[in-house]
Amino acid sequence: MDTLAMHISNGIINGPVAGTFAALALAALTVCVLRGRRDLDDRLAPMAGLVAAFIFAVQMLNFPIFTAGVSGHLLGGALAALLVGPWVGALCVAVVLVVQALVFGDGGVAMLGLNVTNMALLGTAVAYLLIAGLLRVLPRTPAGLGVTAFVSALLSVVVAAQGFVLQYWLGGTTDLGGNITGLAATMGGVHLLIGIGEGLITATTVVTVAKVRPDLVYALRSLKPAAPAPVPAVGGVR
């Protein structure tokens, strides 16, 4: 394959698989709209617009991956999940992907369902699951939040890349000679490096917001810390 970009171009995946994932993405985004409406309030609604605009702007900045001859940019799933939650966050990333495909030709329009599934849905979902787990064991300090943001962003990028590998295995238009494992390893290695850049950007952004307005960080506001373990009674208490 000439490129390893996450934005899938037209013709890389066959029509039936692309159509199936388009229907899957549409159904999942519908659920996100219904669930996200419960979270929207005077604080979250403008924040969602700012997050979408920030992701769109930062995605314009590419950083080179010298080992693979490609470049990477922020996907935004972890950033959106941290700041506006998984439902609204997935919608923010999806809107960015739609605009990029229709206006800038970044990713094929026929492949939009595949790209939305990988980056907006899978990436955001994996990131939020990691965030929910990490914030239950790490201290809710700038350092703990930074580690949470970095790890969730890095791993969400790698998992989103493996989503493409699954899609290519189901309907790739170029015969790889059965070397799907090689594709998975290559995609994983390249996007591990991209994930490091994404993790640094995400951690820096979220920690900066948390220091100024912690109430604007959805994950800190909505995810409850783990309850302390009960202390056993002593001294003959009945």
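Okay, so let's go over this structure. Computed from a prediction, not measured in an experiment: that's the story for all the values here.

1. Thoughts on empty space enclosed by the protein
Right, on to step 1. Here the structure, examined in full by the defined rule, presents one cavity of 30 Å³ or more.
Right, on to step 2. Within this model, the largest cavity holds a volume of roughly 30 Å³.
Right, on to step 3. Lining the largest cavity, in full, are Leu-75, Gly-77, Asn-118, Met-119, Gly-123, Ser-156, Val-157, Ala-160 and Glu-198.
Right, on to step 4. Among the secondary structure elements, those contributing two or more residues to the lining of the largest cavity are α5 (112-134) and α6 (142-171).
Right, on to step 5. Considered class by class, the residues forming the lining of the largest cavity number four nonpolar, four polar and one charged.

2. What to know about helix α1 (residues 15-39)
Right, on to step 1. Here α1 spans 36 Å end to end across 25 residues, near enough to the 36 Å set by a 1.5 Å rise per residue.
Right, on to step 2. Taken together, the buried positions of α1 are Val-17, Ala-18, Phe-21, Ala-25, Leu-29, Cys-32 and Gly-36.
Right, on to step 3. Residue Asn-14 occupies the N-cap position of α1, its side-chain oxygen lying 3.1 Å from the main-chain nitrogen of Val-17.

3. So, a nonpolar patch on the surface
Right, on to step 1. Together, Met-60, Leu-61, Val-95, Val-98, Val-99, Leu-102, Val-103, Phe-104 and Val-109 make up an exposed nonpolar region whose accessible area comes to about 820 Å².
Right, on to step 2. Relative to the helices and strands, Val-103 resides in helix α4 (residues 86-104).
Right, on to step 3. We classify Val-103 as exposed; its relative accessible area is 59%.

4. Things to note about the environment of Leu-183
Right, on to step 1. Inspection of the secondary structure assignment puts Leu-183 in helix α7 (residues 180-212).
Right, on to step 2. A C-alpha to C-alpha distance of 6.9 Å links Leu-183 and Val-165, two positions 18 residues apart in sequence.

5. Structural notes on the layout of surface pockets
Right, on to step 1. In this model, the second largest pocket occupies a volume close to 150 Å³.
Right, on to step 2. Considering the residues around the second largest pocket, the lining is formed by Met-47, Leu-50, Val-51, Phe-54, Leu-79, Leu-83, Thr-205, Val-209 and Leu-216.
Right, on to step 3. Element by element, the count of residues in the lining of the second largest pocket is highest for helix α2 (residues 44-58), at four residues.
Right, on to step 4. When grouped by side-chain class, the residues that make up the lining of the second largest pocket number eight nonpolar, one polar and no charged.

Conventions and cut-offs
- Residues numbered from 1 in each chain as written.
- Predicted model: local features only at pLDDT ≥ 70, side-chain atom pairs only at ≥ 80, totals over all residues.
- Heavy atoms only, no water.
- 1 Å grid on protein atoms, 1.4 Å probe; cavity = no way out; pocket = protein on both sides within 12 Å on 5 of 7 lines; lining within 4 Å.
- Points joined across faces, edges and corners; volume = space filled by probe spheres on them.
- Helix = DSSP H or I, 4+ residues; strand = E, 2+ residues; numbered from the N terminus.
- Nonpolar A, V, L, I, M, F, W, Y, C, P; charged D, E, K, R; others polar.
- Expected span 1.5 Å × (residues − 1).
- Buried < 20%, exposed > 50% of the residue type's maximum accessible area, 1.4 Å probe, protein only.
- Polar contact = N/O pair within 3.5 Å; in protein donor to acceptor, adjacent residues only side chain to side chain.
- Patch = residues over 30% accessible without salt bridge, like charges linked within 9 Å, V, L, I, M, F, W, Y side chains within 5 Å.
- Areas by Shrake-Rupley, 256 points an atom, 1.4 Å probe, with all protein chains shown as cover.
- Salt bridge = Lys/Arg side-chain N within 4 Å of Asp/Glu carboxyl O.

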